[in-house]
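Here is how the chains run, residue by residue.
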Amino acid sequence: MTINNSVKTHRIDANFKLTGIDSRMTALLKAIDTQGSLNQAAKMVGLSYKGAWQMIERANQLALSPLVKTEKGGNKGGGTVLTAAGKSLLTLFTGLENEHQCFIEKLNKRLVDNDALLAPLTCFSQKNHVTNQLIGRINTIQWGSENTEICVVLPSSQEIIASIPLHFVESFELLEGKEVYLVIDSINVILMTTSLDEGKISARNQLKGTIDDITSDGASALVHIKLEKGDALVATITQKSLQQLQLQKNDEIYAIFKSNSVEVGVNL
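*Asks:* Before we go on, may I ask you to explain the sheet that holds strand β12 (residues 220-226) in this structure?
*Replies:* Sheet strands associate in pairs through backbone hydrogen bonding, adopting either a parallel or an antiparallel arrangement. Taken in spatial order, the five strands make up an open sheet running β10-β14-β11-β12-β13, and their pairing is antiparallel. Both edges of this open sheet fall to β10 (190-192) and β13 (232-238), since each of them pairs with a single strand only. Averaged over all adjacent pairs, the angle separating strand axes in this sheet is 45°, with direction ignored. Across seven bridges, the pairing between β12 and β13 is antiparallel. In the sheet register, S220 faces β13, and the bridge partner there is T238.

What follows is the structure, encoded as C-alpha cells:
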C-alpha cells in the first residue's frame, strides 16, 4: 500500500547477539581488554563486580575454551585479561555487529525512501492516539491546479472528501470506482453531539455513528465510534472535553474532520 503522506519518523531497531553472547557481554570484554582489570571494567560498563564476574563465568562455561583469565604477579600486581579465544570472539562479534548495523541502516533507508513501507507502520508509531484506516471506493474526482478532491464512499454509504496533491492522483492512476485506503489520525477528529449544517464549519467531512467504547488515561480519552456496516472510527479528545460533552456509550455522535487531514493509499 502507498500513502500520500509526508515522511514520518519510523526506525527499525534490532539488537545483535550470538548464543550466550550479546552487546552487554562484548562491552565487558572490550573493557577488560583495555583496563586489564575486572573491577575497573565492571565500573566502566555499569556493572557490579559480582555481576561482571558471574557474566564472565557463564561465558567461560559456554565457550570451548576460556575467554578471560586472571594473571597474578608482575609489575602491576596481576589483573584480568582476554585469552586468545576471547580476543578472537571479540573481533568476530564486533565484525558481525558492524555488518548487522549496516543491514539495519539499509532497511531504515528503505523506510525513508518508500512510503509504501511506511504505511503499515503508521498505526504503531503513536502512543497516545491511533490512526484510523478505512476502505472505500472513489465516487467522484474534482481536479484542481495543485490539489485534487476525491469523494470516497464507504461500505456504510457515508462519504469522505480527501484533498490530495495532484501528482499523487496521476502517479497512482486514481479513477472513479477504484478501491482506496483512507488514513485519518484520531487527533484530527472533532466530536459533536449534534449535526452541523453544511457551510457552518470549514471541515468537509461529517460522519454519523454511535459511541462503542471510551477509554481514558486521565489526561486524554479515546472515543471509539461505530458506523454502519462495520465501519469504525476513533477520536482522541481531552479529558475535559469528554466531561463537557458528557459522552456515554451508545450515544449518537458526529465525527468531523478536514479533507486535508485524510491520507489516501492504494494497493500496488
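*Asks:* Hey, could you run me through the confidence of the model for the chain in this one?
*Replies:* Interpretation of this model should avoid reading the predicted coordinates in detail wherever pLDDT is low. For the chain, mean pLDDT is 80; residues scoring 70 or higher make up 81% of the total. Predicted confidence is poor over residues 1-9, with pLDDT under 50, and the contacts of this stretch with residues over four places away or in other chains come to 35 contacts. Contacts of residues 122-128 to residues separated by more than four positions or lying in other chains number 10 contacts, the stretch itself having pLDDT below 50.

*Asks:* Explanation requested: the pairing of β13 in the structure shown.
*Replies:* Two faces belong to every sheet, and in a regular strand the side chains alternate between them. Most of β13 is tucked away, with five of its seven residues classed as buried. What sits between β12 and β13 in their antiparallel hairpin is a turn of five residues, with K229 showing a positive phi close to 60°.

*Asks:* Please clarify how the side chain of N205 should be interpreted in this entry.
*Replies:* With respect to the element layout, N205 can be found in strand β11 (residues 205-216). Look at N205 and you get buried, because its relative accessible area is 1%. In this view, N205 contacts E159, I160, I161, A255, I256, F257, K258, S259 and V262; residues no more than four positions away in its chain are not counted.

*Asks:* Mind showing me how you'd approach the nonpolar core here?
*Replies:* Note that soluble globular proteins tend to have their nonpolar side chains buried in a common cluster. Formed by 34 residues in total, the largest nonpolar core has its most connected members in I160, L182, L191 and L233. Contact partners of L182, with chain neighbours within four places excluded, come to N132, Q133, L134, V152, L154, I160, V262, E263 and V264. Among the nonpolar cores identified, the runner-up in size contains 20 residues, and I21, I32, L38 and L89 belong to it.

*Asks:* Can you walk me through the pairing of strand β7 (residues 147-153) in this structure?
*Replies:* In the sheet, strand β6 (residues 131-142) pairs with β7 via five bridges, with the strands oriented antiparallel. Looking at the pairing, R137 lines up with V153 of β7. Pairing of β7 with strand β8 (residues 159-165), which is carried by seven bridges, proceeds in the antiparallel orientation. Paired with V153 across the strands is E159, a residue of β8. Between β7 and β8, which pair antiparallel and follow one another directly, the connecting turn spans five residues, one of which, S157, has a positive phi of 80°.

*Asks:* Before we go on, may I ask you to explain the pattern of salt bridges in this structure?
*Replies:* Between side chains of opposite charge, a pair can form when the charged atoms approach closely. Tallied over the full model, the rule gives three salt bridges. One salt bridge connects E149 with R204, and the closest N-O pair in it is separated by 2.8 Å. Of this pair, E149 sits in strand β7 while R204 sits in the loop between β10 and β11; the two residues are 55 residues apart in sequence, bridging distant segments of the chain. Among the residues examined, E149 registers a relative accessible area of 24% and is labelled partly exposed. Residues K208 and E252 are paired through a salt bridge, measuring 3.4 Å at the closest nitrogen-oxygen approach. Here K208 is found in strand β11, whereas its partner E252 is found in strand β14 (residues 252-257), with 44 residues between them in sequence. Residue K208 is classed as partly exposed on the basis of its relative accessible area of 41%. On the accessibility criterion, E252 (42% relative accessible area) is partly exposed.

*Asks:* I'm lost on the side chain of Q239 in this one. Help?
*Replies:* Along the polypeptide, Q239 turns up in helix α7 (residues 239-245). At a separation of 2.4 Å, a polar atom in the side chain of Q239 contacts the side chain of S216. In this structure, Q239 is in contact with S216, G218, A219, S220 and A221, ignoring residues within four places of it in sequence.

*Asks:* Looking at this model, I keep getting lost on unusual backbone geometry. Mind explaining?
*Replies:* Located in the positive-phi region is S157, a residue other than glycine, with phi close to 80°. With respect to the helices, strands and loops of the structure, S157 is situated in the loop between β7 and β8. Its identity is not glycine, yet Q246 carries a phi of approximately 55°, on the positive side.

*Asks:* Explain the packing of helix α1 (residues 23-35) against helix α3 (residues 49-62) here, please?
*Replies:* A pair of packed helices can be characterised by two numbers: the angle between their axes and the separation between those axes. Axis separation between α1 and α3 bottoms out at 11 Å; the angle between their running directions is 105°. As the angle between them shows, α1 and α3 are arranged roughly perpendicular. Residues R24, M25, L28, L29 and I32 of α1 lie in contact with α3, whose contacting residues are A52, M55, I56 and A59. Taken together, the residues of the contact of α1 with α3 sort by class into eight nonpolar, no polar and one charged.

Definitions and cut-offs
- Residues numbered from 1 in each chain as written.
- Predicted model: local features only at pLDDT ≥ 70, side-chain atom pairs only at ≥ 80, totals over all residues.
- Heavy atoms only, no water.
- Pairing = 2+ DSSP bridges.
- Helix = DSSP H or I, 4+ residues; strand = E, 2+ residues; numbered from the N terminus.
- Axes fitted to C-alpha atoms, helices over the stretch in contact; angles between N-to-C directions.
- pLDDT = per-residue confidence, 0-100.
- Contact = heavy atoms within 4.5 Å.
- Buried < 20%, exposed > 50% of the residue type's maximum accessible area, 1.4 Å probe, protein only.
- Core = buried A, V, L, I, M, F, W, Y, C linked by side-chain atoms within 4.5 Å.
- Salt bridge = Lys/Arg side-chain N within 4 Å of Asp/Glu carboxyl O.
- Polar contact = N/O pair within 3.5 Å; in protein donor to acceptor, adjacent residues only side chain to side chain.
- Parallel < 35°, antiparallel > 145°, perpendicular 65-115°, else oblique.
- Nonpolar A, V, L, I, M, F, W, Y, C, P; charged D, E, K, R; others polar.

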